[in-house]
Amino acid sequence: FDQGKFIPGSFSATVGIGFTVIHPIWDTAGQERFRSVTHAYYRDAQALLLLYDITSKSSFDNTRAWLTEIHEYAQDDVVIMLLGNKSDMTSARAIRRDEGEKLAREYGVIFLETSAKTGLNVDEAFMTVGKELVRRSVQFPVEPRLHLHDVMQPEKEPPGCCGFSRN
Ligand SMILES: Nc1nc2c(ncn2[C@@H]2O[C@H](COP(=O)(O)OP(=O)(O)OP(=O)(O)O)[C@@H](O)[C@H]2O)c(=O)[nH]1
């Protein structure tokens with residue numbers, strides 16, 4: 001997915017294809033069988049976008065399991081966004097918007113309905129996550145974990161004049 005839309009024909013089971021905007025973006029596979037692999041991807045993530053398909057009840061039910069698991073494994077201050085994707089497929093809709101909103105409220109995460117096909121709310125989703133990351137970094141600035149003096153060697157006296165000797 002690129003420039004607010006998905007690229008037709010470019011879909012496959014994905015376990016880590018990404019591109020760089022500010023931070024790397026990883027699209028991990030949502031299937032159960034990849035769950036143990038995906039821990040590694042999202043454990044240190046600052047933001048997570050969790051997508052379900054509004055035409056699929058099972059995909060919606062699956063996001064509840066993901067939200068529970070993310071609470072356990074992800075960083076405490078991670079920004080989580082729940083996205084109900086395929087909102088263009090109105091006639092096949094299986095999950096109402098208010099059901100998505102309710103789930104998001106339950107887990108205290110941000111919610112939007114998107115369409116990767118038409119681009120509806122795709123930019124908004126990334127902008128909202130970006131703004132929330134900035135807001136949190138201003139509100140709760142993170143102490144640097146590594147201090148320069150921890151890694152710098154103390155300056156040593158040069159061994160004699162000019163640092164070399166002649167035989
Ligand atoms: N109409 C419509 N189709 C979409 C939309 N987003 C994705 N699709 C289609 O849905 C199918 C699955 O898309 P993927 O992006 O591979 O789904 P996924 O959940 O990431 O699948 P995995 O890579 O297995 O995790 C593809 O045929 C896409 O073309 C959307 O917003 N609207």
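Note that the coordinates shown come from a computational prediction; the quantities given were computed from them, not determined experimentally.

Conventions adopted
- Residues numbered from 1 in each chain as written.
- Predicted model: local features only at pLDDT ≥ 70, side-chain atom pairs only at ≥ 80, totals over all residues.
- Heavy atoms only, no water.
- Helix = DSSP H or I, 4+ residues; strand = E, 2+ residues; numbered from the N terminus.
- Buried < 20%, exposed > 50% of the residue type's maximum accessible area, 1.4 Å probe, protein only.
- Contact = heavy atoms within 4.5 Å.
- Areas by Shrake-Rupley, 256 points an atom, 1.4 Å probe, with all protein chains shown as cover.
- Patch = residues over 30% accessible without salt bridge, like charges linked within 9 Å, V, L, I, M, F, W, Y side chains within 5 Å.
- Salt bridge = Lys/Arg side-chain N within 4 Å of Asp/Glu carboxyl O.
- Pairing = 2+ DSSP bridges.
- Right-handed = clockwise from strand over helix to strand, strands pointing away.
- pLDDT = per-residue confidence, 0-100.
- Axes fitted to C-alpha atoms, helices over the stretch in contact; angles between N-to-C directions.
- Core = buried A, V, L, I, M, F, W, Y, C linked by side-chain atoms within 4.5 Å.

## Topic: the overall build of the chain
Along the chain, the regular secondary structure elements total 5 helices and 5 strands. Ordered by position from the N terminus, the helices and strands of the chain form the series β-β-α-β-α-β-α-β-α-α. Going through the 167 residues of the chain one by one, you find that 29% of them count as buried. The long-range fraction of contacts in the chain, counting pairs at least 24 apart against all pairs at least 6 apart in sequence, stands at 70%. Accessible surface for the chain amounts to roughly 11,900 Å². Of this, 55% is attributable to carbon and sulfur atoms.

## Focus on a nonpolar patch on the surface
Residues Leu-49, Leu-51 and Phe-126 make up a contiguous nonpolar surface patch of about 230 Å² in total accessible area. Assignment of secondary structure puts Phe-126 in helix α4 (residues 122–139).

## Quick look at the pairing of strand β5 (residues 110–113)
Each regular strand carries side chains that alternate between the two faces of the sheet. Direction of pairing for strand β4 (residues 79–85) relative to β5: parallel, over a ladder of 4 bridges. In the sheet register, Met-81 faces β5, and the bridge partner there is Ile-110. With helix α3 (residues 97–107) bridging β4 and the parallel β5, this β-α-β connection has right-handed handedness.

## A closer look at the confidence of the model for the chain
Scored by pLDDT, the chain has a mean of 77; 63% of the residues are at 70 or more. Segment residues 9–22 is flagged for pLDDT under 50; beyond a separation of four residues in sequence, or across chains, it makes 20 contacts in the model. A low-confidence stretch, residues 162–167 stays under pLDDT 50, and its non-local contacts, those more than four residues away or across chains, total 0 contacts. Among the prediction metrics, the complex's ipTM stands at 0.92, with pTM recorded as 0.73.

## A closer look at the sheet that holds strand β3 (residues 47–53)
With parallel pairing, 3 strands are arranged side by side in an open sheet as β3-β4-β5. Looking at which strands have only one partner, the edges of the open sheet turn out to be β3 and β5. The average angle at which neighbouring strand axes cross in this sheet is 20 degrees, direction not considered. Against the sheet, helix α2 (residues 57–73) makes contact with β3 and β4, and its axis sits at roughly 160 degrees relative to β3, the strand it touches most.

## So, the nonpolar core
Note that soluble globular proteins tend to have their nonpolar side chains buried in a common cluster. Among the nonpolar cores identified, the biggest contains 19 residues, and Tyr-42, Leu-48, Tyr-52, Ile-70 and Leu-82 are the most heavily contacted of them. Listed by contribution, the elements that provide at least two residues to this core are β3, α2, β4 and α3. Take this core: its biggest share by element is 4 residues, from α2. Ranked by size, the runner-up nonpolar core spans 6 residues in total, among them Val-79, Met-81, Leu-83 and Leu-112.

## A short note on the environment of Phe-111
Within the fold, Phe-111 resides in strand β5. Sequence-distant contacts of Phe-111, defined by excluding residues within four places in its chain, comprise Tyr-52, Leu-82, Gly-84, Arg-97, Gly-100, Glu-101 and Ala-104.

## Some points on the pattern of salt bridges
Taken as a whole, this structure holds 9 salt bridges when the rule is applied. Between Arg-64 and Glu-106 there is a salt bridge, with its nearest N and O atoms 2.7 Å apart. Here the residue Arg-64 occupies a position in helix α2, and Glu-106 occupies one in helix α3, the gap between them amounting to 42 residues. Judged by its relative accessible area of 45%, Glu-106 is partly exposed. Bridged by salt links that share partners, the residues Arg-93, Arg-97 and Glu-113 form one connected network.

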